Amino acid sequence: MNTLFPVTRMLDAAFNNSWNEGDGSVGRTPRADVLEGAKEFQVLMDLPGVKHADLDLSIEDQTLWVKAERKESVPEGFECRRTERAGHVTFSRTFSLGNAVDASGIEARFADGVLTISLPKSEKSLPRRIEVK
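Report on the accompanying structure.

As a further point, take the sheet that holds strand S7 (residues 107-111). In space, the four strands of this open sheet follow the order S2-S3-S8-S7, with antiparallel pairing throughout. Both edges of this open sheet fall to strand S2 (32-36) and S7, since each of them pairs with a single strand only. Looking at each pair of strands side by side, their axes are set apart by 15 degrees on average, direction ignored. Direction of pairing for S2 relative to strand S3 (residues 40-46): antiparallel, over a ladder of five bridges. Pairing of Glu 36 across the sheet is with Phe 41, part of S3.

Now the structure itself:
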């Protein structure tokens, strides 16, 4: 059950954006999975080669911003003969949260190149039973 309209847009965006692999572009949009549970949403995003220190998450006006940078260079003693991975890449992604997310409870974990963002649902958006009198 999808109770959050902006999440529908997030899902559409997650599966319509690409990394533009192989084109040597500097800016890329990482793909993400958006999951909905009973009490929270989760965003799973692959950020290969990104170091924890080069990851930036912020919230502004009900928008979650995910920014990252991968800095790679050719090791000393080598020449680059072919580049498909693009050495220095910036990643950027935004998600519209709407009123269904309690922004004060958002948590993020980053392990093995995968960013997991937990977005708790606000009390207003949770289903509740109404007592009939």
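Turning to the environment of Leu 119, a few remarks are in order. Looking at the element boundaries, Leu 119 is found in strand S8 (residues 114-120). The spacing of Leu 119 and Ala 100 is 19 residues in sequence and 9.4 Å in space, taken between C-alpha atoms. With residues near it in sequence (within four places) discarded, Leu 119 still touches Glu 40, Phe 41, Val 43, Leu 64, Leu 97, Val 101 and Ile 106.

Going through the model one piece at a time under the given rule, you end up with three salt bridges. Among the salt bridges present, the one from Asp 54 reaches Lys 71, with a minimum N-O distance of 3.5 Å. Taken together, the residues span a long stretch of sequence, with Asp 54 in the loop between S3 and strand S4 (55-60) and Lys 71 in strand S5 (residues 63-71) at a distance of 17 residues. Here Lys 71 falls in the partly exposed class, since its relative accessible area comes to 47%. Its salt-bridge partner being Arg 81, residue Glu 79 comes within 3.8 Å of it at the nearest N-O pair. Glu 79 sits in the exposed class, given a relative accessible area of 60%. By relative accessible area, Arg 81 is classed as exposed at 73%.

Reading guide: rules and limits
Residues numbered from 1 in each chain as written. Predicted model: local features only at pLDDT ≥ 70, side-chain atom pairs only at ≥ 80, totals over all residues. Heavy atoms only, no water. Pairing = 2+ DSSP bridges. Helix = DSSP H or I, 4+ residues; strand = E, 2+ residues; numbered from the N terminus. Axes fitted to C-alpha atoms, helices over the stretch in contact; angles between N-to-C directions. Contact = heavy atoms within 4.5 Å. Salt bridge = Lys/Arg side-chain N within 4 Å of Asp/Glu carboxyl O. Buried < 20%, exposed > 50% of the residue type's maximum accessible area, 1.4 Å probe, protein only.

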